[in-house]
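Notes for the structure review
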Amino acid sequence: MQDIIVSPLNKEAAEIVHKNWQAVDEVPYQLGKVEKMVEKYAAICGTPDFEGKIKSAMLLMCGDHGIAKYGVSAYPQEVTMQMINGYMRGTAGANVMARHAGADVFVVDMGTTFDLSHLPKVRNEKVAWGTEDFTKGPAMTRDQAEMALERGMKVAGECIDKGYNMLVTAEMGIGNTTTSAAVLAALTHAPAQAVTGRGGGLTDAAFEKKKQVIDRALALHRPDPADPVGVLAAVGGLDLAAMTGAFLGCAQNHVPAVVDGYISIVAALTAVRLCPAAGEYLFLSHASYEIGYRIAAQELGQ
């Protein structure tokens, strides 16, 4: 995998914006976190003088997961395809949010089990036809994990070259809260119980199965948290790996990246473990109800 070089933020630009806030006739930090976010945005962009406007894009990385067969999701794997059709029609929740934010949506097939060649608006970056059952062996090879990372970086870089100056990472793939929980547990040594939520609304029995699947995988692979690529290969997903790459691509190009939800924040943490400086380029959109989100946010210092 290529070396990841990320330049430090322009702290002087942030300081100028901070002084400008202080010069405004208002109660200090009356706008709460917004003021700090603007200061951080200036530091990322390298200037306190913002010209033009934010041009944002949502990168929707799609991939399927071999462990979906264990019923770790409330929905069958076919829903991945149904949701992608929804993105193409513009009727999915992600489309609605993107329209409100003025963001363009790009759907990328990183590893679904479906043939999406008939959907011209879906970008084909397929690394594999889904991942393997990680309770029996690694989810993917190390080469596949690195390929997904690099393709995520490439997609982000190409969007930035087209003038997008803020990227939102999103995903679709039934079973990916399970893979995300497994990756987070591996990176932090947290037990599965502490990082695993119900996802899309599991029954009690299915929720217990989900945690058992993660425990079995971690016991089998014993992934090394000092080797994030190895963690991705052992228990990750192609969607998660591509999102990790997108975060790295944003940091390399001095473009802020928006973290959207649980799978996204686990990808962000994986990116930061690969390149600590990438953490300075992150904005968290919201606090997910998934219990593991809080652990990942704490690891990121958020």
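These lines cover the structure that appears in this document, whether it is placed above or below. (Residues numbered from 1 in each chain as written. Predicted model: local features only at pLDDT ≥ 70, side-chain atom pairs only at ≥ 80, totals over all residues. Heavy atoms only, no water.)

Focus: the side chain of His 65
Threshold: A helix here means a DSSP run of H or I that spans at least four residues, while a strand means a run of E at least two residues long, and both kinds are numbered starting from the N terminus. Contacts were defined at the residue level, with two residues in contact if any of their heavy atoms lie within 4.5 Å.
By the element assignment, His 65 lies in the loop between strand 1 (56–63) and helix 3 (78–89). Residues within four places of His 65 in sequence aside, it is in contact with Gln 77, Thr 131, Gly 173, Ile 174, Gly 175, Asn 176, Thr 179, Gly 237 and Asp 239.

Thoughts on the packing of aromatic side chains
Think of a pair of aromatic rings as described by two things: how far the centres are apart, and how the planes are tilted against each other in angle. To keep it simple, the criterion reads: Planes of paired rings set the category: under 30 degrees apart is stacked, over 60 is edge-to-face and the rest tilted, where pairs are Phe, Tyr or Trp rings (Trp by its six-membered ring) whose centres lie within 6.5 Å. When a residue's accessible area, from a 1.4 Å probe over protein chains only, is under 20% of the maximum for its type it is buried; when over 50% it is exposed; and in between it is partly exposed. As a reminder, the over-ring test applies to NZ of lysine and CZ of arginine, requiring each to be within 6 Å of the ring centre and within 35 degrees of the ring normal.
What the rule picks out here adds up to 1 aromatic pair. Judged by centre distance (5.6 Å) and plane angle (85°), the ring pair of Phe 106 and Tyr 164 falls under edge-to-face. Residue Phe 106 is located in strand 2 (residues 104–111), and its partner Tyr 164 is located in the loop between helix 5 (142–161) and strand 4 (166–172); the two are separated by 58 residues in the primary sequence. Residue classification places Tyr 164 among the buried positions, given a relative accessible area of 7%. A cation over a ring is seen here: Lys 55 above Tyr 164, with NZ or CZ 4.5 Å from the ring centre.

Things to note about the side chain of Lys 210
Heads up, the rule is: For the charge count, each Lys or Arg is scored as positive and each Asp or Glu as negative, with His and the chain ends excluded. Put simply, a salt bridge is a Lys or Arg side-chain nitrogen that is within 4 Å of an Asp or Glu carboxyl oxygen.
If you trace the backbone, Lys 210 turns up in helix 8 (residues 204–221). One buried charged side chain, Lys 210, makes no salt bridge at all; its nearest oppositely charged neighbour is Glu 290, positioned 5.0 Å away. Apart from the residues lying within four places of it in its own chain, the contact partners of Lys 210 are Val 72, Thr 177, Thr 178, Thr 196, Gly 197, Arg 198, Gly 199 and Leu 202.

Regarding the pattern of salt bridges
For the structure on display, the rule yields 13 salt bridges. With a closest N to O distance of 3.3 Å, Lys 69 and Asp 133 form a salt bridge. In this pair, Lys 69 sits in the loop between strand 1 and helix 3 while Asp 133 sits in the loop between strand 3 (122–124) and helix 5, placing the two residues 64 residues apart along the sequence. The exposure class assigned to Lys 69 is exposed, which follows from its relative accessible area of 61%. Look at Asp 133 and you get buried, because its relative accessible area is 9%.

Regarding helix 10 (residues 238–252)
Our working rule: In this analysis, the expected span of each helix is defined as 1.5 Å times one less than the number of residues it contains.
Between the first and last C-alpha of helix 10 there are 21 Å, a value that for 15 residues agrees with the 21 Å anticipated at 1.5 Å per step. In terms of burial, helix 10 is largely enclosed, as 14 of its 15 residues are buried. At the C-terminal side of helix 10, His 254 shows a positive phi close to 55°.

Some remarks on the packing of helix 1 (residues 11–23) against helix 2 (residues 33–45)
Filter applied, for reference: Fitted lines through C-alpha atoms serve as axes, helices being fitted only where they are in contact, and the angles separating the N-to-C directions of these axes extend from 0 to 180 degrees. Put simply, a crossing is left-handed when the front helix is turned counterclockwise from the back one by less than a right angle, and right-handed when it is turned clockwise. Nonpolar residues are Ala, Val, Leu, Ile, Met, Phe, Trp, Tyr, Cys and Pro. Charged residues are Asp, Glu, Lys and Arg, and all others, Gly as well, are polar.
Close contact between helix 1 and helix 2 brings their axes to 7 Å; oriented N to C, the two are set at 150°. When the axes of helix 1 and helix 2 are compared, the crossing they make is right-handed. Here Ala 13, Ala 14, Val 17, His 18 and Trp 21 of helix 1 come into contact with helix 2, specifically with Glu 35, Val 38, Glu 39, Ala 42 and Ala 43. Split into classes, the residues belonging to the contact of helix 1 with helix 2 amount to 7 nonpolar, 1 polar and 2 charged.

Considerations on the packing of helix 5 against helix 10
Note the cut-off: Between 65 and 115 degrees an angle is taken as roughly perpendicular, under 35 as roughly parallel, over 145 as roughly antiparallel, and anywhere else as oblique.
Remark: helix 5 packs on helix 10, axes separated minimally by 6 Å, with the N-to-C direction vectors making an angle of 45°. Relative to helix 10, the element helix 5 lies oblique. Note on packing geometry: the crossing formed by helix 5 with helix 10 is right-handed. Mapping the contact onto sequence places Gln 144, Ala 145, Ala 148, Leu 149, Gly 152, Met 153, Ala 156 and Ile 160 in helix 5 and Leu 238, Ala 241, Ala 242, Thr 244, Gly 245, Ala 246, Leu 248, Gly 249, Cys 250 and Gln 252 in helix 10.

Here's the deal with the sheet that holds strand 2
To keep things clear, this is the line we draw: Two strands make a pair as long as DSSP finds a minimum of two bridges between them.
Judged by pairing direction, the sheet is parallel, and its 6 strands sit side by side in the order 3-2-1-4-5-6 without closing on themselves. Since the sheet does not close on itself, it has two edges, and those belong to strand 3 and strand 6 (282–284), each with one partner. Across the sheet, the mean angle from the axis of one strand to that of its neighbour is 30°, orientation sign disregarded. Here strand 4 runs beside strand 5 (residues 257–259); their pairing, made up of 2 bridges, is parallel. Bridge pairing in strand 5 places Leu 167 opposite Ala 257. The sheet contacts of helix 4 (residues 93–101) involve strand 1 and strand 2, and relative to strand 1 the element is tilted by about 165°. Helix-sheet contacts for helix 10 involve strand 1, strand 2, strand 4, strand 5 and strand 6, and the interaxial angle to strand 4 is about 175°.

Focus: the environment of Ser 7
Positionally, Ser 7 belongs in the segment before helix 1. For the pair formed by Ser 7 and Leu 218, sequence separation is 211 residues and the distance between their alpha carbons is 35 Å. With residues near it in sequence (within four places) discarded, Ser 7 still touches His 254 and Tyr 281.

Examining the nonpolar core
Rule in force here: By nonpolar core we mean a set of buried residues, namely Ala, Val, Leu, Ile, Met, Phe, Trp, Tyr and Cys, connected to one another through side-chain atoms within 4.5 Å.
Ranked by internal contacts, the top residues of the largest apolar core, which has 100 residues, are Met 61, Leu 167 and Ile 265. Broken down by element, this core gets its largest block of residues, 10 residues, from helix 10. Non-local contacts of Met 61, meaning those with residues more than four positions away in its chain, are made with Val 108, Met 110, Gly 152, Val 155, Ala 170, Glu 171, Met 172, Asp 239, Ala 242, Met 243 and Ala 246.

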